[in-house]
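Chain residues, written in single-letter form:
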Amino acid sequence: MPHFSSRFVDSTPGDPLTDTRSRQVQGALWSRVQPTPVSAPRLVALSPEVARLLGLEEQALRSEAWVRVLAGNAVEPGMAPYAANYGGHQFGQWAGQLGDGRAIGLGEVRAPDGTLYELQLKGAGRTPYSRRGDGRAVLRSSIREFLCSEAMHHLGVPTTRALSLVATGDAVVRDMFYDGHPQEEPGAIVCRVAPSFLRFGNFELCTSRGDVALLKQLADYTLSQFFPELGAPSKDTYAAFFHEVARRTAKLIAQWQTVGFVHGVMNTDNMSILGLTIDYGPYGWVDDFDPDWTPNTTDAEQGRYRFGNQPAIGMWNVERLGVALMPLFEGDEGLVQAGLLEYQRALNAEMLGRYAAKLGLASLEDEADVQRVNACLSWLGAEETDMTLFFRGLSRVVVAPTAPTVFPDVLREAFYRPVSEPHLARGLEWLASWWQRARREGADPVDQARRMDAVNPKYVLRNYLAQEAIDAAHAGDDSKVLELLDVMRRPYDEQPGREAYAARRPEWARSKPGCSALSCSS
Ligand code: AMP
Ligand code: MG
C-alpha cells in the first residue's frame, strides 16, 4: 500500500459529529465518514493508465487487500475518509446544502510525477449529506462513469479519472423511470481520481450562509494547493483565481462542444473548480449533430442542459461562482463582470481554434472562415448527420487530388436517413469551397489529413455502445466493458478490426432507454 494523506481534512475545518444522520452541517467544509462495507466485492475493471499515473502496480491492485479498499471494506492507515459539504444551483434554482451523499474521499497518494491525487469512492454508503438516498450507486451508472472518464481523458478532455470499477454483490433498489416500479439492480463502486473534487458549490454554500470566514479558508486552501502560481491570498489573487476558473471552464466546454459530449446535469455542484469534467450521470454523445438534444429525460422539456446550450450555461455557472466569491472581492462587482468577459473570450477563442483544427486549418483567418464553420454546422444540423463520422470523414476528402464534384461516399455514411438532392448539393458546395480553402494552407495534404485525424475522433463512447456493455454485464459478461475501455484508449487511431465501434448509432437504439435518453436515477 502507498502512503495515504489528506490535505483537505488536515488543513480545513470539519464537522465535529461523525454520525451519518442526514443533517445541515454548519461551519465545516466536510464530515468524517466511514465507507459502509459491501457483501461480495469483485473487481470488474481497472484503468491501466490511472494505475500507472499513481505509480501503482496493476497486479497489486487486483490483490484482495486492494479490492477491499476499492470496495470500501477496508480503510488503510493514513486515510481519513470524509464527505465534502457543498451546495449548488440545480436547474437554475438554489438548492441549499447538497454535499457528497454517496461519494467518500479516502485520502491522497503522491504520484511519481509529484502530484497528490485524491482517491474517492462513489457509491460507498451513506453520509450526513445523503438526505433520503441510500449512498449507493448501480452498476449501469458506474459502468458509464468508469468508461466515460477514461474515454474523455484519452480524447484529451480534462476530466476526473476512474481507477477501478467494483461490483459490490449487493442489490440496490432504483425506480429507473420514476414511474412507481422500483427494481433491484446490481450495485457497484467506482474509485474516482483527481487532484481535487472541489466544485463551484463548495464556495457557494459558504457564501449562502454568510460564512465569509469559512469561504476564505476554502479559497485560501484552494489557492495554496491548486493555484500556487497565482500568489498569496489577496483581493487580486482571488480575482485571478476566478478568472482562471472562468478560463478553464470555457476551454472545457469548448472541448465538449467539439467532440459532441453533452454533460446532461450542469448544476453548479457538478462544476469542477479545476475545470475538469465531473459527475458522469445522464450524459450522452450527440450521434447526429443536434444542438437541441439532451440525454437527460428530467430536462427533456426545458432543455436547459441541451447540447447547444452548454456554453451559455457554463457562463451562468461561472457567474454563480463569481457571486459566491464577491465577499473576497471586497464588493468589487467589476471583477465578476471581468471574469465573465474572460469566459466569453476564452470560449470563443477555443471554439474557433478547435473548429479550425477540425477542418484542417491552422486558424480561422477572417470572417469568411468563421462563416464557413457556421455554414458547416447549420448544414449538419439540417438533416440527421453523425457529427463524429462527418468530421472524421473530412480527412479522406482533403487528400483528394481535386475538389469534390460529387458528394463523397465516406460522408454519406454519416446520414441517418435518406437526404434530399438539394441538401446534398448544398453540402457539396460547402465541401468544394472548404477543400479549396484547405489547399490554400499550403500543407502536404497527407500531413494535413493526419493532423485532422488527431483532432477528429474515430471512436467516441456512443450511448448505445455503453448500453450494450451494460446489458452484457447484467447478464454476467464483463468482457464488453473491458473491450470498450480498450477501444476508447486510442480514439484517434484507426484500430483495424474494430470499425463496428465507429459505426453510426443503429436504428434499434434510436429510442431505447440508455441509448437515447437517460434518467437521473443512478
Ligand atoms: P448528482 O445529480 O448525482 O450530481 O447528485 C446530486 C446530489 O444528490 C448530490 O448531493 C449527491 O451526493 C446526492 N445523491 C445522488 N444519489 C444519491 C444516493 N443514492 N444516495 C445519497 N445521495 C445521493
Ligand atoms: Mg453531483
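Predicted, not measured: the structure shown is a model, and the values here were computed from it.

Peer 1: Where do I start with the packing of aromatic side chains in this structure?
Peer 2: Any two aromatic rings considered together are summarised by their centre-to-centre distance and by the angle between their planes. Counted according to the given criterion, the structure contains 23 aromatic pairs. Ring centres 5.5 Å apart and planes at 55° place the aromatic pair Phe-8 and Tyr-82 in the tilted group. With Phe-8 in helix H1 (residues 7-11) and Tyr-82 in strand E3 (residues 82-84), this pair connects stretches of sequence that are 74 residues apart. Exposure class is identical for Phe-8 and Tyr-82. Each is buried. Pairing Phe-203 with Phe-241 gives two aromatic rings, centres 5.9 Å apart and planes at 45°, and the pair type is tilted. With Phe-203 in helix H6 (residues 200-208) and Phe-241 in helix H8 (residues 235-259), this residue pair connects regions lying 38 residues apart in the sequence. Both residues of the pair, Phe-203 and Phe-241, belong to the buried class. One aromatic cluster is present, formed by Tyr-355, Trp-379, Phe-390, Phe-391, Phe-407, Phe-415, Trp-430 and Trp-434 through successive ring pairs. The residue whose ring lies beneath Arg-304 is Trp-316, and the NZ or CZ to ring-centre distance is 4.6 Å. Here the basic side chain of Arg-505 rests over the ring of Tyr-416, its NZ or CZ set 4.6 Å away from the ring centre.

Peer 1: Is there a simple way to think about helix H9 (residues 310-325) in this case?
Peer 2: Side chains three or four residues apart in an α-helix point the same way, a direct result of the helix having 3.6 residues per turn. With 16 residues, H9 should reach 22 Å at 1.5 Å per residue; the first-to-last C-alpha distance of 22 Å fits that figure. Contacts from the buried residues of H9 go to strand E4 (87-90), H6, helix H7 (212-226), H8, strand E11 (261-262) and helix H10 (333-358).

Peer 1: Whenever I open this one, the site of ligand 1 confuses me. Can you help?
Peer 2: In the vicinity of ligand 1 lie 15 residues, with Gly-99, Gly-101, Arg-131, Asp-134 and Gly-135 positioned nearest. In the environment of ligand 1, a nitrogen atom lies 3.2 Å from a nitrogen or oxygen atom belonging to the side chain of Arg-174. When ligand 1 is considered free in solution it has 480 Å² of accessible area, and contact with the protein chains removes 79% of it. Put simply, ligand 1 lies in the largest pocket. The residue inventory of the shell around ligand 1, partitioned by class, reads one nonpolar, six polar and eight charged. When residues of the shell around ligand 1 are assigned to domains, at least three fall in each of domain 1 (7-196) and domain 2 (201-356).

Peer 1: How should empty space enclosed by the protein be read in this particular structure?
Peer 2: The method is simple in principle: a probe with the dimensions of a water molecule rolls over the atoms, and the space it marks as empty is what remains. Overall, the coordinates contain six cavities of 30 Å³ or more when judged by the stated rule. The volume enclosed by the largest cavity comes to roughly 80 Å³. What lines the largest cavity is a set of 13 residues, and nearest its centre among them are Tyr-82, Glu-118, Ser-196, Phe-197 and Leu-198. Secondary-structure elements contributing two or more residues to the lining of the largest cavity are E3, strand E7 (116-122) and H7. In terms of residue class, the lining of the largest cavity is built from seven nonpolar, three polar and three charged. Summarising the domain contributions, the lining of the largest cavity has at least three residues from each of domain 1 (7-196) and domain 2 (201-356). Computed from the structure, the second largest cavity encloses a volume of approximately 70 Å³. Around the second largest cavity sit Arg-102, Lys-122, Ala-137, Ser-141, Ser-142, Glu-145, Val-190, Tyr-280 and Ser-522, which together line it. Per-element accounting of the lining of the second largest cavity gives the leading share, three residues, to helix H5 (residues 139-155).

Peer 1: Which parts of the structure should I look at to understand the layout of surface pockets?
Peer 2: By volume, the largest pocket is sized at about 1,100 Å³. If you go around the largest pocket, you meet 35 residues; those closest to its centre are Gln-90, Arg-102, Arg-131, Cys-520 and Ser-522. Of the residues that constitute the lining of the largest pocket, the class distribution is ten nonpolar, twelve polar and 13 charged. Each of two domains, domain 1 (7-196) and domain 2 (201-356), supplies a minimum of three residues to the lining of the largest pocket. Estimated volume of the second largest pocket: approximately 370 Å³. Leu-389, Arg-392, Arg-396, Val-410 and Lys-458 are, among the 16 residues lining the second largest pocket, the residues nearest its centre. Tallied by class, the residues present in the lining of the second largest pocket amount to five nonpolar, three polar and eight charged.

Cut-off values and rules
Residues numbered from 1 in each chain as written. Chains lettered and ligands numbered in written order. Predicted model: local features only at pLDDT ≥ 70, side-chain atom pairs only at ≥ 80, totals over all residues. Heavy atoms only, no water. Phe/Tyr/Trp six-rings, centres within 6.5 Å; stacked < 30°, edge-to-face > 60°. Helix = DSSP H or I, 4+ residues; strand = E, 2+ residues; numbered from the N terminus. Buried < 20%, exposed > 50% of the residue type's maximum accessible area, 1.4 Å probe, protein only. Lys NZ or Arg CZ within 6 Å of the ring centre and 35° of its normal. Expected span 1.5 Å × (residues − 1). Contact = heavy atoms within 4.5 Å. Near = heavy atom within 4 Å. Polar contact = N/O pair within 3.5 Å; in protein donor to acceptor, adjacent residues only side chain to side chain. Areas by Shrake-Rupley, 256 points an atom, 1.4 Å probe, with all protein chains shown as cover. 1 Å grid on protein atoms, 1.4 Å probe; cavity = no way out; pocket = protein on both sides within 12 Å on 5 of 7 lines; lining within 4 Å. Sits in = over half its atoms within 2 Å of the grid points. Nonpolar A, V, L, I, M, F, W, Y, C, P; charged D, E, K, R; others polar. Domains from an automatic or database assignment. Points joined across faces, edges and corners; volume = space filled by probe spheres on them.

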